[in-house]
Amino acid sequence: MKVIKLEEHGYESALLGLSLSFYDHLEPLDVWWNDEKKVRARRRAEALAFRGGGHNKYLSSIFIWAVVQAPRCWWSEYDTYKVATTANSSSTMHTLNKRFVTVDDFENGVTQQAIDNLNNCISIYNNVNSEYYHNITKLKLNLPESYLQERQITINYMTLQNIIKQRFNHKLIYWKIFCNQMLEQIEHSELVYDRHINTK
């Protein structure tokens, strides 16, 4: 499994949004929003990050774009978190039959028997004389859960915090891998990872 962060945006805007309750509109915003206000906003953001109940809603304004390569067994669970996320993926329908698969197309643990079975299905799929010629259903039904797929995801800090809270110590090891790789790459991990909660 591999997570590659592409971009991250919204932190400064989220801090401003968090601070608007203290803004008097009679003063120009660009004058009011000075370095001192930004320092206070950062402190406030950290204090409210794990309060919930709407106190940390500013986290929904900080977005991350990443490419994730993960096995299908993990993607099926990740799809639970569709709120405030989007994804574009490599298509198995258009790529699966282009060549025979190898062990490099799977997460560790796939059996040679599973690879051989899928390659046999690919042969049948591409055989014009077969009753399963271009039958994508047969290919998909024989695709192991360890098959790696790339997706570009967009996720906000609020959803990422929720994933870490719920899945950091999940029995499917790919959740911890995902969380750790995201935490290593995002700019403000202190807003999504609470050491006191996630190390229990």
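For the structure itself, look to the data block above.
As the structure is a prediction and not an experimental result, all values here were calculated from the model.

A. Region of interest: the overall build of the chain. Within the chain one finds 10 helices and 4 strands. Rg of the C-alpha trace for the chain: 22 Å, well past the compact-globule value of 16 Å for 200 residues, more than 25% over. Taking the principal axes of its C-alpha atoms as reference, the chain extends roughly 80 × 40 × 25 Å. In the chain, which comprises 200 residues, the proportion classed as buried is 40%. Sequence separation of at least 24 residues holds for 74% of the intrachain contacts in the chain that already meet a minimum separation of 6. Here the chain has roughly 11,500 Å² of accessible surface; of this, 50% comes from carbon and sulfur atoms. In the chain, the 23 positive side-chain charges and the 22 negative ones have mean positions that sit 5 Å from each other.

B. Region of the structure containing the packing of aromatic side chains. What the rule picks out here adds up to 13 aromatic pairs. With a centroid separation of 5.5 Å and 50° between ring planes, the pair formed by F168 and Y193 is classed as tilted. Taken together, the residues F168 in the loop between α8 (157-167) and α9 (173-185) and Y193 in the loop between α9 and α10 (195-198) connect sequence positions 25 residues apart. Accessibility classification places F168 together with Y193 in one group, the buried group. One aromatic cluster is present, built from ring pairs that chain together W74, W75, Y78, Y81, W175 and F178.

C. Representation of the pattern of salt bridges. Under the criterion given, the structure shown has 6 salt bridges. Among the ionic pairs, E36 bridges to R40, the shortest N-O distance being 2.5 Å. A residue pair is termed a helical-turn pair when its members lie 3 or 4 positions apart in one helix, as E36 and R40 do in helix α3 (residues 35-48) at 4 residues. A residue is classified by how much of its surface remains accessible, and E36, at 46% relative accessible area, is partly exposed.

D. Region of interest: unusual backbone geometry. For H134, which is not a glycine, the phi torsion comes out positive at approximately 55°. You can see H134 is positioned in the loop between α6 (112-126) and α7 (136-141). We classify H134 as partly exposed; its relative accessible area is 45%.

E. A look at the pairing of strand β4 (residues 148-156). Along β4, 7 of the 9 residues are buried, which leaves the element largely enclosed by surrounding structure. Bridge count between strand β2 (residues 63-71) and β4: 9 bridges; the pairing is antiparallel. Within β4, the residue paired with A70 across the bridge is Q149.

F. Fine view of the nonpolar core. Core analysis: the biggest nonpolar cluster contains 43 residues, and Y58, V68, W74, Y78, L160 and F178 have the highest contact counts within it. Breaking this core down by element, the ones donating at least two residues are α1 (11-19), α3, β2, α4 (72-78), β4, α8 and α9. With sequence-adjacent residues up to four places away left out, Y58 is seen in contact with A14, L18, A45, E46, L48, A49 and L191. If you look at the next biggest cluster of nonpolar residues, it comprises 13 residues, including V101, F106, V110 and Y125.

G. The arrangement of the layout of surface pockets in detail. The computed volume of the largest pocket comes to approximately 160 Å³. Lining the largest pocket we find G17, L18, L20, S21, F22, R44, G54, H55, K57 and Y58. Taken together, the residues of the lining of the largest pocket sort by class into 4 nonpolar, 4 polar and 2 charged.

H. Here's a closer look at the pairing of β2. Relative to β2, strand β1 (residues 2-9) runs antiparallel, the two being bridged by 7 bridges. Each residue of the ladder has a partner; that of E7, found in β2, is W65.

I. Looking closely at the packing of α8 against α9. It is the contact of α8 with α9, at a shortest axis distance of 10 Å, that shows an interaxial angle of 140°. Put simply, α8 runs oblique to α9. Pair α8 / α9 crosses with left-handed handedness. Note on element contacts: α9 touches α8 through W175, K176, F178, C179, M182 and L183, opposite L160, I163, I164 and R167. Of the residues in the contact of α8 with α9, the class split is 8 nonpolar, no polar and 2 charged.

The rules behind each value
- Residues numbered from 1 in each chain as written.
- Predicted model: local features only at pLDDT ≥ 70, side-chain atom pairs only at ≥ 80, totals over all residues.
- Heavy atoms only, no water.
- Helix = DSSP H or I, 4+ residues; strand = E, 2+ residues; numbered from the N terminus.
- Rg over C-alpha atoms; globule rule 2.2 N^0.38 Å.
- Buried < 20%, exposed > 50% of the residue type's maximum accessible area, 1.4 Å probe, protein only.
- Contact = heavy atoms within 4.5 Å.
- Areas by Shrake-Rupley, 256 points an atom, 1.4 Å probe, with all protein chains shown as cover.
- Lys, Arg positive; Asp, Glu negative; His and termini not counted.
- Charge placed at Lys NZ, Arg CZ, Asp CG, Glu CD.
- Phe/Tyr/Trp six-rings, centres within 6.5 Å; stacked < 30°, edge-to-face > 60°.
- Salt bridge = Lys/Arg side-chain N within 4 Å of Asp/Glu carboxyl O.
- Pairing = 2+ DSSP bridges.
- Core = buried A, V, L, I, M, F, W, Y, C linked by side-chain atoms within 4.5 Å.
- 1 Å grid on protein atoms, 1.4 Å probe; cavity = no way out; pocket = protein on both sides within 12 Å on 5 of 7 lines; lining within 4 Å.
- Points joined across faces, edges and corners; volume = space filled by probe spheres on them.
- Nonpolar A, V, L, I, M, F, W, Y, C, P; charged D, E, K, R; others polar.
- Axes fitted to C-alpha atoms, helices over the stretch in contact; angles between N-to-C directions.
- Parallel < 35°, antiparallel > 145°, perpendicular 65-115°, else oblique.
- Left-handed = near helix turned anticlockwise from the far one by under 90°.

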